[in-house]
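# Remarks on the overall topology
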Amino acid sequence: MASLTDLVNLNLSDTTEKIIAEYIWIGGSGMDLRSKARTLSGPVTDPSKLPKWNYDGSSTGQAPGEDSEVILHPQAIFKDPFRRGNNILVMCDCYTPAGEPIPTNKRYNAAKIFKDPEVAAEEPWYGIEQEYTLLQKDINWPLGWPVGGFPGPQGPYYCGVGADKSFGRDIVDAHYKACLYAGINISGINGEVMPGQWEFQVGPSVGIASGDQIWVARYILERITEIAGVVVSFDPKPIPGDWNGAGAHCNYSTKSMRNEGGYEIIKSAIEKLKLRHKEHIAAYGEGNERRLTGRHETADIHTFSWGVANRGASVRVGRETEQNGKGYFEDRRPASNMDPYVVTSMIAETTIIWKP
């Protein structure tokens, strides 16, 4: 008699050419990921060859009940680490039946910015450091923390090893390998300063691919924590008080910054970011004011600053970039719940297109 695990792990290619495509989209809150699956007649590697689909937008806060149909447009394909074989994950964005992007479709405008000739010529690279917190499911309290109590103060947990310092490593490592399997350019993981908090990095990714990969990496993490019976939180300050918040630092460079003389281009770009500080903060994640306090390796939300190797600044330039006279910089302001389509495209728009 086959077990449930046996059936879940059935290899479809033994008996059929058909595959399963899991269509993924972003729901009405801007952070809730949704997905549903459909059968296709055979393997597909080009998203333009995939059929459009639809869903009930009135159930996701994205359409009224009397006109609820929202259309899914496939945009990027990844290998499915859960079903494996030729099965795929499909990142989609959302449109009205008339073909207009719905208000929560942030990918549409981002793609327009990345297609701008000035931006495309600069080949913007992104490396995003996605922090998150693992919570005990029934009490919404960080993994490894005593129920109703607190662990010892911060210090031993960052990149820590041991049962009293590291909580949830099996989830983190499963996610790391699943992302690599899927084709996401995940470049590393580490335990964070607050116990129960972790980080994964995605990049370097070019243009719109950065947003696609972060969203699918988040989806895979949600699925793995679902299996583990743990909740993942992207709240920028999940525990008030003397505990680090969670961010999504964005490392960024253009072709001009990576070439000789790039350091001057970097300084000019940072000056542009300073001039649009308020606009960027408004788009960098909800609740970020609870995180950007000037403490716990953050700059104050109201003041723009930058420095070399300064983790208390809004923007940090690496020591190696300063020494080489070229390279990249890190925008430390985005919150863990930021929309990567919004943040990556806005940085490109401000530093490449925008004229003060």
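For the structure, see preceding data.
Now for a look at the structure at hand. (Residues numbered from 1 in each chain as written. Predicted model: local features only at pLDDT ≥ 70, side-chain atom pairs only at ≥ 80, totals over all residues. Heavy atoms only, no water.)

## Quick notes on the environment of Gly-287
Its place among the elements puts Gly-287 in the loop between α8 (277-283) and β12 (306-308). Taking the C-alpha atoms as reference points, Gly-287 and Lys-237, separated by 50 residues in sequence, lie 7.7 Å from one another. (Helix = DSSP H or I, 4+ residues; strand = E, 2+ residues; numbered from the N terminus.)

## Describing the pairing of strand β2 (residues 33-40)
For strand β1 (residues 19-26) and β2, the ladder comprises eight bridges, and the chain directions are antiparallel. Bridge pairing in β2 links Ile-26 to Leu-33. Counting the residues in the hairpin turn of β1 and β2 gives six residues, including Gly-30, whose phi is positive at 90 degrees. (Pairing = 2+ DSSP bridges.)

## Regarding the packing of aromatic side chains
Taken as a whole and judged by the stated rule, the model has twelve aromatic pairs. The interplanar angle of 75 degrees and the centroid separation of 5.4 Å between the aromatic rings of Trp-141 and Phe-150 together place this pair among those described as edge-to-face. Note on Trp-141: relative accessible area 19%, which makes it buried. Ring geometry for Phe-150 against Trp-243: centres 6.3 Å apart, planes inclined by 10 degrees, an arrangement best described as stacked. In this pair, Phe-150 sits in the loop between β7 (141-142) and α4 (169-182) while Trp-243 sits in the loop between β10 (230-233) and β11 (248-253), placing the two residues 93 residues apart along the sequence. Since its relative accessible area comes to 8%, Trp-243 is described here as buried. Members of the aromatic cluster, connected to one another through ring pairs, are Phe-114, Tyr-126, Tyr-252 and Phe-329. (Phe/Tyr/Trp six-rings, centres within 6.5 Å; stacked < 30°, edge-to-face > 60°. Buried < 20%, exposed > 50% of the residue type's maximum accessible area, 1.4 Å probe, protein only.)

## Focus: helix α10 (residues 340-353)
Given a rise of 1.5 Å per residue, 14 residues ought to cover 20 Å, and the 19 Å separating the end C-alpha atoms of α10 matches this to within 8%. Those residues of α10 lying buried are Pro-340, Tyr-341, Val-343, Thr-344, Ser-345, Met-346, Ile-347, Ala-348, Thr-350, Thr-351 and Ile-352. For α10, the N-terminal cap is Asp-339; the gap from its side-chain oxygen to the backbone nitrogen of Tyr-341 is 2.9 Å. (Expected span 1.5 Å × (residues − 1). Polar contact = N/O pair within 3.5 Å; in protein donor to acceptor, adjacent residues only side chain to side chain.)

## A look at the packing of helix α2 (residues 106-115) against α10
Following both chains from N to C, one finds α2 and α10 inclined at 30 degrees, their axes separated by 9 Å at the closest point. The orientation of α2 with respect to α10, classified from their angle, is roughly parallel. In the packing of α2 onto α10, the handedness of the crossing is left-handed. Here Lys-106, Arg-107, Ala-110, Ile-113 and Phe-114 of α2 lie close against α10, whose contacting residues are Tyr-341, Val-342, Thr-344, Ser-345, Ala-348, Glu-349 and Ile-353. A breakdown of the residues in the contact of α2 with α10 according to their chemical character gives seven nonpolar, two polar and three charged. (Axes fitted to C-alpha atoms, helices over the stretch in contact; angles between N-to-C directions. Parallel < 35°, antiparallel > 145°, perpendicular 65-115°, else oblique. Left-handed = near helix turned anticlockwise from the far one by under 90°. Contact = heavy atoms within 4.5 Å. Nonpolar A, V, L, I, M, F, W, Y, C, P; charged D, E, K, R; others polar.)

## Thoughts on the pattern of salt bridges
Going through the model one piece at a time under the given rule, you end up with 18 salt bridges. Across the salt bridge formed by Arg-34 and Asp-32, the nearest N and O atoms sit 2.9 Å from each other. Accessibility expressed as a relative area gives 30% for Arg-34, which makes it partly exposed. Linking Arg-316 and Glu-330 is a salt bridge whose minimum nitrogen-to-oxygen distance equals 2.6 Å. Remark: Glu-330 occurs in strand β14 (residues 329-331) and Arg-316 occurs in strand β13 (residues 315-317); sequence separation between them is 14 residues. (Salt bridge = Lys/Arg side-chain N within 4 Å of Asp/Glu carboxyl O.)

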